[in-house]
Amino acid sequence: MRVVLATDAGHPGRTNEDFAGAVPAGLVLVDGAGGVPGADKVCRHGVAWYANRLGAALLGGLSAQRSLREVLAEGIVQVTDVHRDTCDVTHPSSPHAAVAMLRFSDDLVEHLVLGDAVAVVGRASGAPVVAHDPREVVIARSFERQLVGVAVGSEEYRRLLRELRGHRNNPGGFWVAKDDPQVVAEAVTGNHPAGEVTLAALLSNGASRLVDTFGLTDWAGLLRLLDHGPAEVIRQVRQAEDRHGVATDDATVICRSRAP
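Reference entry: report on the structure contained in this document. The structure displayed is predicted, hence computed values, not measured ones. (Residues numbered from 1 in each chain as written. Predicted model: local features only at pLDDT ≥ 70, side-chain atom pairs only at ≥ 80, totals over all residues. Heavy atoms only, no water.)

We now examine the overall build of the protein. Broken down by element type, the protein carries eight helices and 10 strands. Its C-alpha radius of gyration of 18 Å places the protein within 12% of the 18 Å reference for a compact globule of 260 residues. For the C-alpha atoms alone, the extent of the protein along its principal axes is close to 55 × 45 × 35 Å. When each of the 260 residues of the protein is scored for burial, the buried share is 50%. The long-range share in the protein, meaning contacts at least 24 apart out of those at least 6 apart in sequence, stands at 72%. Only carbon and sulfur atoms are counted for the fraction: they give 50% of the accessible area of the protein, which is about 12,000 Å². Charged side chains in the protein number 26 positive and 32 negative. The centres of these two groups are separated by 2 Å. (Helix = DSSP H or I, 4+ residues; strand = E, 2+ residues; numbered from the N terminus. Rg over C-alpha atoms; globule rule 2.2 N^0.38 Å. Buried < 20%, exposed > 50% of the residue type's maximum accessible area, 1.4 Å probe, protein only. Contact = heavy atoms within 4.5 Å. Areas by Shrake-Rupley, 256 points an atom, 1.4 Å probe, with all protein chains shown as cover. Lys, Arg positive; Asp, Glu negative; His and termini not counted. Charge placed at Lys NZ, Arg CZ, Asp CG, Glu CD.)

All right, on to helix H6 (residues 205–212) then. For H6, the tally of buried residues reaches six of eight residues, placing the bulk of the element in the interior. Taken together, the buried residues of H6 touch strand E6 (118–123), strand E9 (197–203), helix H7 (219–225), helix H8 (230–244) and strand E10 (251–257).

Quick look at the pairing of E9 now. The two faces of the sheet receive side chains in turn, since in a regular strand these alternate between them. The buried fraction of E9 is high, at six of seven residues. Bridge count for E6 against E9 is six bridges, and the pairing is antiparallel. Bridged to Ala-119 within E9 is Leu-202. The pairing of E9 with E10 spans five bridges and is antiparallel. What sits directly across from Ala-201, in E10, is Cys-255. (Pairing = 2+ DSSP bridges.)

Attention now moves to the sheet that holds strand E5 (residues 108–114). Ordered in space as E2-E3-E4-E5-E8, the five strands form an open sheet in which the pairing is antiparallel. Of all strands in the sheet, those bounded by a partner on one side alone are strand E2 (18–23) and strand E8 (188–193). The average angle at which neighbouring strand axes cross in this sheet is 10 degrees, direction not considered. Alignment of strand E4 (residues 97–104) against E5, held across six bridges, turns out to be antiparallel. Of the residues in E5, the one forming a bridge with Arg-103 is Glu-110. (Axes fitted to C-alpha atoms, helices over the stretch in contact; angles between N-to-C directions.)

With that settled, consider unusual backbone geometry. Non-glycine residue Asn-169 carries a positive phi angle of around 55 degrees. With respect to the helices and strands, Asn-169 occurs in the loop between helix H5 (155–165) and E8. With relative accessibility at 18%, the residue Asn-169 sits in the buried group.

Turning our eyes to something else, we now look at the side chain of Thr-80. Positionally, Thr-80 belongs in helix H3 (residues 68–83). A distance of 2.7 Å separates a polar atom in the side chain of Thr-80 from the backbone oxygen of Ile-76. If sequence neighbours within four positions are ignored, Thr-80 has contacts with Val-89, Lys-178 and Asp-179. (Polar contact = N/O pair within 3.5 Å; in protein donor to acceptor, adjacent residues only side chain to side chain.)

The strand order across the open sheet formed by five strands is E1-E10-E9-E6-E7, and the pairing between neighbours is antiparallel. Edge positions in the sheet fall to strand E1 (2–8) and strand E7 (129–131), since each has one partner strand and no second. The average angle at which neighbouring strand axes cross in this sheet is 10 degrees, direction not considered. Where E1 lies against E10, seven bridges are found, and the strand directions are antiparallel. Each residue of the ladder has a partner; that of Ala-6, found in E10, is Val-253. On the sheet, H6 packs against E6, E9 and E10 and is oriented at approximately 80 degrees with respect to E10.

In structure tokens, the structure reads:
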């Protein structure tokens, strides 16, 4: 098997808040949610720290004989316990992240997605299987429309952001990894016979926008593009962002394929 990774920070002067890594048992991607007002006042560590700590914990748990939901729940508890005594871990602005995982065994390829990261599994026959959760995108877009013309920093602007954050990890809203391990019940999971899988990839939402935002290809086309390496996906995303005047975001792709 061959594993390839590419990542690019989307914000000049700010740390890349995506994490991606691989072990023989699988792949992990954690997309830290940056740019949250007041986050530095409730957690001294920051989003990149949270993403890196959670990613490392998940990689360490992939080889255990536990479900992917259990691996994620244990990772959330482990990282939260590290800074529970120094930071306000339950505050709405405390660090949180989307998560995607793939686990490989002789018989199965398993996936888990929580939040707006994406897992794509290519098969020898048939369309690729795409695991993603659109709830955050749907809710966020409704607020983006309301924010048009609202002055940044105004009371109305702050009110709308508070209302958006109120949908996080609540019924009827969207779900991310933060301080509560019970959110894993909302994760999207599935599995596929290992013998059918040709390539499997994880993407942060800054990279998946090539398909789900710009519509420049479909998921099968994205997998074909990965034949040229994940950096090509990110290069095309940056070109599209420039053409459309869209703000850049951290973009990460990690994939595993059968060795040629």
